[in-house]
Amino acid sequence: MTTDRVQDLIARMTPEEKWGQLQIIFRPHRADAEDLVRRGLGSVFWPRSAAQTNALQRVAVEQTRLGIPVLVGLDVIHGQRTIGPVPLAQAASFDPELVRALAASAAAEARSGGVTWTFSPMLDVSRDPRWGRVVEGFGEDVHLTAVMGTAMVRGYQGEDLAGAGAIAATAKHFVAYGQPEGGRDYNTVDLSPHRLRNVHLEPFWAAVAAGAASIMAAFNTVSGVPMHAHRGLLTGVLKEEWDFDGIVVGDADGVRNLLPHGVAEDLADAVGLAFGAGLDVEMGGAPWDLDDAARARVDTARLDDAVTRVLMLKERLGLFDRPYVDEAAEITAPTPASRALARRAAARSAVLLKNDGTLPLHAPRRVLLTGPFADSTDHLGAWTQSFGAAAGTIADAMRDRLPHADVRVMSGVDVLDDDAEGIPAVLAAARGCDVVVVCVGEPSSLSGEAASRSDLRLPGRQADLIRAVAGCGIPFVVVLENGRPLVVADWIDDAPAVLEAWHGGTEAARAIVDVLVGDAEPAGRLPMSFPRSAGQVPIHYAHENTGRPATTGGTLTTDVVDIGVQGPANVAEKFTSKYLDLELGPQFAFGHGGGYATFARSAPAVSEGCVRLEELEAGRSVTVTIDVTNTSERSGDDVIQVYVEDVVASIAPPVRRLVAFDRRTLAPGETTTFGMDIGFEQLGFWRTDAAAAAFVVEPGLFRLHVGSTLTTAVPVELRVE
Ligand code: GLC
């Protein structure tokens, strides 16, 4: 797709001007940026004000030969001025509309300052919480990642990229970055075509179908080929099979990294490989470090195709006609509306890991807040630009909400230090309190890029603090603020109630108190399994059953199902897949969670117990329904999930696979029917054992497991003939 203006520009551009459009240079100083833009740089990182962005844009439009406006790129990952919950937390909300609204709010703030391109959403499916960037994605599940990722794309881009509140989205990191060996960032990824197609590519296909404007190449190799030089995937799949007409942008210095990858002799080789593979924009400025002869390795057709893609994005953004932003309309701080949205989002992302009834707090008179997060403002999480509005403290939010209570604060331990000397004073301060709230977690610094951890327990002496508080016999609750699933086995049994609040953003503190006192429902569900030990990783629910699945030998209650089974292994079954020194299954499974309200649920039903394959192929679907009643005195949310079990398939199927979910609020006593359509797309999988991959549904028996958590879902049968 192109326009006369773009075609005319390409016909007039010199090679130097073309190459200028195919780079984005990050973190330039103001002087450099103006010189680079004057030289013809087409895109730039520019975390500045609207006025400064307009000034830079004037250099592009008025001081260059062709006056092509620049794209202003930035990592607007979970907010710009108003920071929302980290993406992993947003996934836990199981609320795509919320994710879309947060992205739209961030886009409005960013575009008002002149940003036109964000490097978000991250769609890397990951089953390895050692990897610090799980915080930036939507967890271990393919469907949840695809749904949340497309919601974020739609939120950023809106209906028209030229709109005042729209920015171009970038689905990243293409592809399989979330499966690095050892959980170490940037490390090798080696996987089968089967897993590539059925897990890692699916969310990106969904984002392309939703109109994502750009795709970012990943740092890693896939089966030996660095993604920045992977023609089979960047061009073969993305541009030819999927007909993607947007921009493929490199990651920071990803093209230069082809040298340490060992696949390029020099920078000219790296640039030639990358653009020949299908890269359109290099991030870092490598092409300008080469002369024309070195760049000539990239043929004119490929060069013009890349420039066309870049200029067409500028057309779609309306930059040629309106290159400047209205400085008077710049959003420079959170608004009441954006704060309210962020607060609601942080509460809806919270997951109640366990609760013996201590939560919600019942008008406590004397409260002790302890732990390093009690009086901390570190709630923003990884990836907030310098713009992000600071968060308040839980202590202040608690005092605001309970003005008549005696709220004491004593952190007791630092978030990282190995020093427990402050714990005795905490126990002394706890005496006479109605409840102690232990606020613990991971600092933002241990989360995000280049932040992999080999030990997934709470850092420092936080677990000692929890156990000491448990020993003083006063009711207490634990609030967790973290950017990844943690190993909690060393204290979880001592805690009566645990709220997973993640890194919740600018309004996290108020949202946490909203949930603690019951003003808001903690009805989120886990988007990633919590392992019992780092030794279990990678761990996820959608695993294959194996030929020798371990079981608990029936020693556990019915709430345990054989989905990788949870609980003590049946030691009589020696030759089965288990650990000798660890119970089976995760500490908390994907989809785990609850809330304060209680619900009664009917048995699930399916509109037809049997459907013909050709009908599915023609677009027919069946409907799964379940009636849910709020049996409590308070409003509450239920999150109904549908998992497919393909009982027998030509390729070993996962034991379960999430294919649909829906979160709804029910008033006290209200009954509602959840209904979800199950068709070809939900029942199929990719077969990769032939020359060309094919998405198929195979006749046979399926079980559709329906419920509010994975481990309590109830099956209903569907046969495909
Ligand atoms: C980083 C990240 C990428 C980000 C880019 C620009 O290295 O891998 O996600 O968008 O650089 O900051």
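Residues numbered from 1 in each chain as written. Predicted model: local features only at pLDDT ≥ 70, side-chain atom pairs only at ≥ 80, totals over all residues. Heavy atoms only, no water.

A. Quick peek at the packing of helix H6 (residues 96-112) against helix H7 (residues 142-157). At a minimum axis separation of 7 Å, H6 and H7 run at an interaxial angle of 35°. The crossing of H6 and H7 is right-handed. Between H6, through Pro 96, Val 99, Arg 100, Ala 103, Ala 104, Ala 106 and Ala 107, and H7, the contact on the second element is made entirely by Val 147, Met 148, Ala 151, Met 152, Arg 154, Gly 155 and Tyr 156. Considering only residue class, the contact of H6 with H7 consists of 11 nonpolar, 1 polar and 2 charged. (Axes fitted to C-alpha atoms, helices over the stretch in contact; angles between N-to-C directions. Helix = DSSP H or I, 4+ residues; strand = E, 2+ residues; numbered from the N terminus. Left-handed = near helix turned anticlockwise from the far one by under 90°. Contact = heavy atoms within 4.5 Å. Nonpolar A, V, L, I, M, F, W, Y, C, P; charged D, E, K, R; others polar.)

B. A look at the pattern of salt bridges. Using the criterion set out here, one finds 55 salt bridges in the structure. For Glu 97, the salt bridge identified is with Arg 100, shortest N-O distance 2.7 Å. Residue Glu 97 and its partner Arg 100 are located together in helix H6, separated by 3 residues, close to a single helical turn. Take Glu 97: its relative accessible area is 43%, and that puts it in the partly exposed class. Ionic pairing is found between Arg 467 and Asp 490, a salt bridge with its closest N-O pair at 4.0 Å. Here the residue Arg 467 occupies a position in helix H18 (residues 462-470), and Asp 490 occupies one in the loop between strand E15 (476-481) and strand E16 (497-500), the gap between them amounting to 23 residues. Each of Asp 75, Arg 133, Glu 136, Lys 172 and Glu 449 takes part in a single network of salt bridges with overlapping partners. (Salt bridge = Lys/Arg side-chain N within 4 Å of Asp/Glu carboxyl O. Buried < 20%, exposed > 50% of the residue type's maximum accessible area, 1.4 Å probe, protein only.)

C. Representation of the pairing of strand E26 (residues 700-707). Taken across its 8 residues, E26 has 7 buried, putting it largely inside the fold. Two elements, strand E21 (residues 636-646) and E26, share 6 bridges in a ladder whose sense is antiparallel. Paired with Val 644 across the bridge in E26 is Leu 704. (Pairing = 2+ DSSP bridges.)

D. Focus on the packing of aromatic side chains. Under the defined criterion, the tally for this structure stands at 18 aromatic pairs. Taking the centre distance of 6.5 Å and the plane angle of 90° together, the rings of Phe 590 and Tyr 643 count as edge-to-face. Of this pair, Phe 590 sits in the loop between helix H19 (508-516) and strand E17 (599-601) while Tyr 643 sits in strand E21, and the two are 53 residues apart along the sequence. Neither residue differs from the other here; Phe 590 and Tyr 643 are each classed as buried. Three or more aromatic residues joined by ring pairs make a cluster, and in this case those are Phe 94, Tyr 541, Phe 590, Tyr 643 and Phe 661. One Lys or Arg, Arg 39, reaches over the ring of Trp 288 and ends 3.9 Å from the middle of that ring. Lys 574 extends its terminal NZ or CZ atom over the ring of Phe 575, reaching a point 5.5 Å from the ring centre. (Phe/Tyr/Trp six-rings, centres within 6.5 Å; stacked < 30°, edge-to-face > 60°. Lys NZ or Arg CZ within 6 Å of the ring centre and 35° of its normal.)

E. Region of the structure containing the pairing of strand E12 (residues 366-370). The element E12 is extensively covered by neighbouring structure, given that 4 of its 5 residues are classed as buried. The parallel pair E12 and strand E13 (residues 406-410) is bridged by helix H16 (residues 394-401), and the resulting crossover is right-handed. When E12 meets strand E14 (residues 435-441), the two strands line up parallel, connected through 4 bridges. When the bridges of E14 are listed, Leu 369 appears paired with Val 437. (Right-handed = clockwise from strand over helix to strand, strands pointing away.)

F. Representation of the confidence of the model for the protein chain within the structure. Residues at a pLDDT of 70 or more form 98% of the protein chain, whose mean pLDDT is 95. Ignoring residues within four places in sequence, the model shows residues 556-562, a span with pLDDT below 50, making 7 contacts including any to other chains. (pLDDT = per-residue confidence, 0-100.)

G. The sheet that holds strand E9 (residues 247-249), seen in detail. Strand order in this open sheet of 3 strands is E5-E6-E9, and the pairing throughout is parallel. Here the strands that pair on one side only, and so sit at the sheet edges, are strand E5 (170-174) and E9. Looking at each pair of strands side by side, their axes are set apart by 25° on average, direction ignored. Note that strand E6 (residues 214-217) and E9 share 3 bridges and pair parallel. By the bridge assignment for E9, Met 216 is matched with Val 249.

H. Highlighting the site of the ligand. What surrounds the ligand is a group of 13 residues, the closest being Asp 75, Arg 133, Lys 172, His 173 and Asp 251. One of the side-chain N or O atoms of Asp 251 is found 2.6 Å from an oxygen atom in the ligand. The fraction of the free accessible surface of the ligand (310 Å²) that becomes covered by protein chains is 96%. Each residue belonging to the shell around the ligand can be placed in one class, and the counts come to 7 nonpolar, 1 polar and 5 charged. (Near = heavy atom within 4 Å. Polar contact = N/O pair within 3.5 Å; in protein donor to acceptor, adjacent residues only side chain to side chain. Areas by Shrake-Rupley, 256 points an atom, 1.4 Å probe, with all protein chains shown as cover.)

I. Representation of the layout of surface pockets. When its volume is computed, the largest pocket comes out at roughly 970 Å³. Lining the largest pocket we find 39 residues, and of these Val 142, Asn 198, Glu 202, Arg 657 and Gly 684 sit closest to its centre. With 6 residues, H7 is the largest single contributor of residues to the lining of the largest pocket. Of the residues that constitute the lining of the largest pocket, the class distribution is 21 nonpolar, 8 polar and 10 charged. (1 Å grid on protein atoms, 1.4 Å probe; cavity = no way out; pocket = protein on both sides within 12 Å on 5 of 7 lines; lining within 4 Å. Points joined across faces, edges and corners; volume = space filled by probe spheres on them.)

J. Structural detail: the packing of helix H8 (residues 193-200) against helix H9 (residues 202-209). In the contact formed by H8 and H9, the axes pass within 5 Å of each other and the chain directions differ by 45°. Classified by the angle between their axes, H8 and H9 sit oblique to one another. Contact residues: H8 offers Arg 197, Asn 198, Val 199 and His 200, while H9 offers Glu 202, Pro 203 and Phe 204. (Parallel < 35°, antiparallel > 145°, perpendicular 65-115°, else oblique.)

K. Geometry of the side chain of Lys 314. Mapped onto the elements of the fold, Lys 314 is located in helix H14 (residues 300-316). Notably, Lys 314 is buried but unbridged: the nearest opposite-charge side chain belongs to Glu 315, and the N-O separation is 11 Å. Excluding residues within four positions of it along the chain, Lys 314 makes contact with Gln 21, Gly 42, Ile 68, Pro 69, Val 70, Leu 71, Leu 319 and Phe 320. (Lys, Arg positive; Asp, Glu negative; His and termini not counted.)

L. Up close: the sheet that holds E13. Here 6 strands make up an open sheet; going across it, the order is E11-E16-E15-E14-E12-E13 and the pairing mixed. The outermost strands of the open sheet, each flanked by one partner alone, are strand E11 (351-355) and E13. Taken pair by pair, the neighbouring strands of this sheet meet at an average axis angle of 15°, ignoring direction. Sheet topology note: the E12/E13 ladder contains 5 bridges and is parallel. Note that in E13 the partner of Leu 368 across the bridge is Arg 408. Sitting on the sheet, H16 touches E12, E13, E14 and E15, and the angle it makes with E13 is about 175°.

M. Main features of the environment of Pro 372. Mapped onto the elements, Pro 372 comes out in the loop between E12 and H16. With sequence-adjacent residues up to four places away left out, Pro 372 is seen in contact with Ser 411, Val 413, Asp 414, Val 415, Cys 439, Val 440 and Gln 462.

N. Main features of a negative patch on the surface. Taken together, Asp 414, Asp 417, Asp 419 and Glu 421 make up a surface patch of like negative charges. Mapped onto the elements, Asp 414 comes out in the loop between E13 and helix H17 (423-430). Residue classification places Asp 414 among the partly exposed residues on the basis of a relative accessible area of 35%. (Patch = residues over 30% accessible without salt bridge, like charges linked within 9 Å, V, L, I, M, F, W, Y side chains within 5 Å. Charge placed at Lys NZ, Arg CZ, Asp CG, Glu CD.)

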